[in-house]
Amino acid sequence: QVQLVESGGGLVQAGGSLRLSCAASGTIFSINTMAWYRQAPGKQRGLVATIDSSGSTNYAGSVKGRFTISRDNAKNTIYLQMNSLKTEDTSVYYCRAFTDVGNYWGQGTEVTVAS
């Protein structure tokens, strides 16, 4: 089992920045790739960014160049640095861990970008 706890969400003005964190615990040795997803009201949850065990990253086109995913293996934590935020980035952001025995979700952290 893997437990994921996100933090760092909040209210920010358009053009501002936020950094989200996702701390993993449990059978963390089994984690391969970790990712951030987001879900806006009335919309489906979608992939934002991924980072694998080697540190390779991928981004959704809508956030490329503005968001950066990173991981601190010593702290079992991944981050999402979000810059140049837009109102359309308003969502609940979820952390996800992919392991050999299953995939896990965090509880989400809400990000609201005001115009």
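Data block above holds the structure.
The rules behind these values
Residues numbered from 1 in each chain as written. Predicted model: local features only at pLDDT ≥ 70, side-chain atom pairs only at ≥ 80, totals over all residues. Heavy atoms only, no water. Disulfide = S-S within 2.5 Å. Helix = DSSP H or I, 4+ residues; strand = E, 2+ residues; numbered from the N terminus. Core = buried A, V, L, I, M, F, W, Y, C linked by side-chain atoms within 4.5 Å. Buried < 20%, exposed > 50% of the residue type's maximum accessible area, 1.4 Å probe, protein only. Contact = heavy atoms within 4.5 Å. Phe/Tyr/Trp six-rings, centres within 6.5 Å; stacked < 30°, edge-to-face > 60°. Lys NZ or Arg CZ within 6 Å of the ring centre and 35° of its normal. Pairing = 2+ DSSP bridges. Axes fitted to C-alpha atoms, helices over the stretch in contact; angles between N-to-C directions.

Participant: How should I be thinking about the state of the cysteines in this particular structure?
Facilitator: A covalent bond bridging the sulfur atoms of two cysteines is what the word disulfide describes. If you walk through the whole model with that rule in mind, you get 1 disulfide. Covalent S-S linkage joins C22 and C95, the inter-sulfur distance amounting to 2.1 Å. Taking the sign of the S-S torsion, -80 degrees for the link of C22 and C95, the bridge is left-handed. Pair noted here: C22 is in strand 3 (residues 18–26) and C95 is in strand 9 (residues 91–99), with a separation of 73 residues, a long-range link.

Participant: For this particular structure, what's the right way to read the nonpolar core?
Facilitator: Across soluble globular proteins, you tend to see nonpolar side chains buried next to one another. Counting residues in hydrophobic clusters, the biggest one holds 27 residues, and the most contacted among them are L4, M34, W36, L80, M82 and Y93. Those elements that place two or more of their residues in this core are strand 1 (2–7), strand 3, strand 4 (31–39), strand 5 (46–51), strand 7 (67–72), strand 8 (77–82), strand 9 and strand 11 (109–114). For this core, the element with the highest residue contribution is strand 3, accounting for 4 residues. Those residues in contact with L80 that sit more than four places away from it in its chain are L18, R19, L20, W36, V48, A49, F67, T68, I69 and Y93.

Participant: How should the packing of aromatic side chains be read in this particular structure?
Facilitator: The geometry of an aromatic ring pair is captured by the separation of the ring centres together with the interplanar angle, meaning the angle of the planes. In total, this model carries 2 aromatic pairs according to the counting rule given. In textbook terms, an aromatic cluster arises when at least three aromatic residues are bridged by ring pairs, as seen for Y37, Y94 and W105. Directly above the aromatic system of Y94 lies the positively charged group of R45, at a separation of 3.6 Å from the ring centroid. Positioned above the aromatic ring of W105 is the side chain of R45, whose terminal nitrogen or guanidinium carbon lies 4.5 Å from the ring centre.

Participant: Explanation requested: the sheet that holds strand 7 in the structure shown.
Facilitator: The strands that make up a sheet are held in pairs by hydrogen bonds between backbone atoms, and each pair lies either parallel or antiparallel. With antiparallel pairing, the 4 strands of this open sheet are ordered in space as 1-3-8-7. Bordering the open sheet on either side are strand 1 and strand 7, each of which pairs with just one other strand. This sheet shows a mean twist of 15 degrees between the axes of neighbouring strands, independent of strand direction. Judged from the 6 bridges that link them, strand 1 and strand 3 form a sheet pairing that is antiparallel. Its bridge partner lying in strand 3, Q3 is registered against S25.

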